[in-house]
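Coordinate analysis (summary)
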Amino acid sequence: MEEEPLIFEEKGFPSIRVFNNHFEIKAIDYWEYRVFEYSEIKEIIHYNPNDKWWNKLYILTSLTAQIFSENAPWILKLIKNNGGDWTYKTSHKPNSDFRKILNLLKTKIIN
């Protein structure tokens, strides 16, 4: 019998399917899921790339950057144990279901 995954699909976010032994992520602009074993992931980070000091400096000095920085996508980054990483664009808008899925994945990675 095949296990039923926990599925997250929301516009502006990558699609995520959570299974007992692995999870799968499909980027917003891609048609195929990429499979990750929990044991091969070191860390999951979701961040605003405009919070870096050099980006803040650029935003302060550029009117164009000030206009477009508010709607810039956030980044979901998966860092693997072997040093590789995968990045996915996400919406800048907060989503509680997305946050819950990320927290679930983080707890499965730790265990």
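Structure report, in brief. Nothing here was measured: the structure is a model prediction, and the numbers come from that model. (Residues numbered from 1 in each chain as written. Predicted model: local features only at pLDDT ≥ 70, side-chain atom pairs only at ≥ 80, totals over all residues. Heavy atoms only, no water.)

Moving on, we come to the packing of aromatic side chains. The full count for this structure, using the stated rule, is seven aromatic pairs. Aromatic pair Phe8 and Phe98: ring centres 5.5 Å apart, planes at 45°, arrangement tilted. Taken together, the residues Phe8 in strand 1 (residues 6-8) and Phe98 in helix 3 (residues 96-110) connect sequence positions 90 residues apart. Residue class for Phe8 comes out buried when judged on its relative accessible area of 5%. Taking 4.8 Å as the distance between ring centres and 40° as the angle between the ring planes, the aromatic pair formed by Phe13 and Phe98 counts as tilted. Of this pair, Phe13 sits in the loop between strand 1 and strand 2 (15-18) while Phe98 sits in helix 3, placing them 85 residues apart in sequence. Take Phe13: its relative accessible area is 7%, and that puts it in the buried class. Assessed through its relative accessible area of 2%, Phe98 is described here as buried. The rings of Phe23, Phe36, Tyr38 and Trp86 are connected pair by pair, giving a single aromatic cluster. Over the aromatic face of Trp86 sits the side chain of Arg34, whose NZ or CZ is 3.5 Å from the ring centroid. (Phe/Tyr/Trp six-rings, centres within 6.5 Å; stacked < 30°, edge-to-face > 60°. Helix = DSSP H or I, 4+ residues; strand = E, 2+ residues; numbered from the N terminus. Buried < 20%, exposed > 50% of the residue type's maximum accessible area, 1.4 Å probe, protein only. Lys NZ or Arg CZ within 6 Å of the ring centre and 35° of its normal.)

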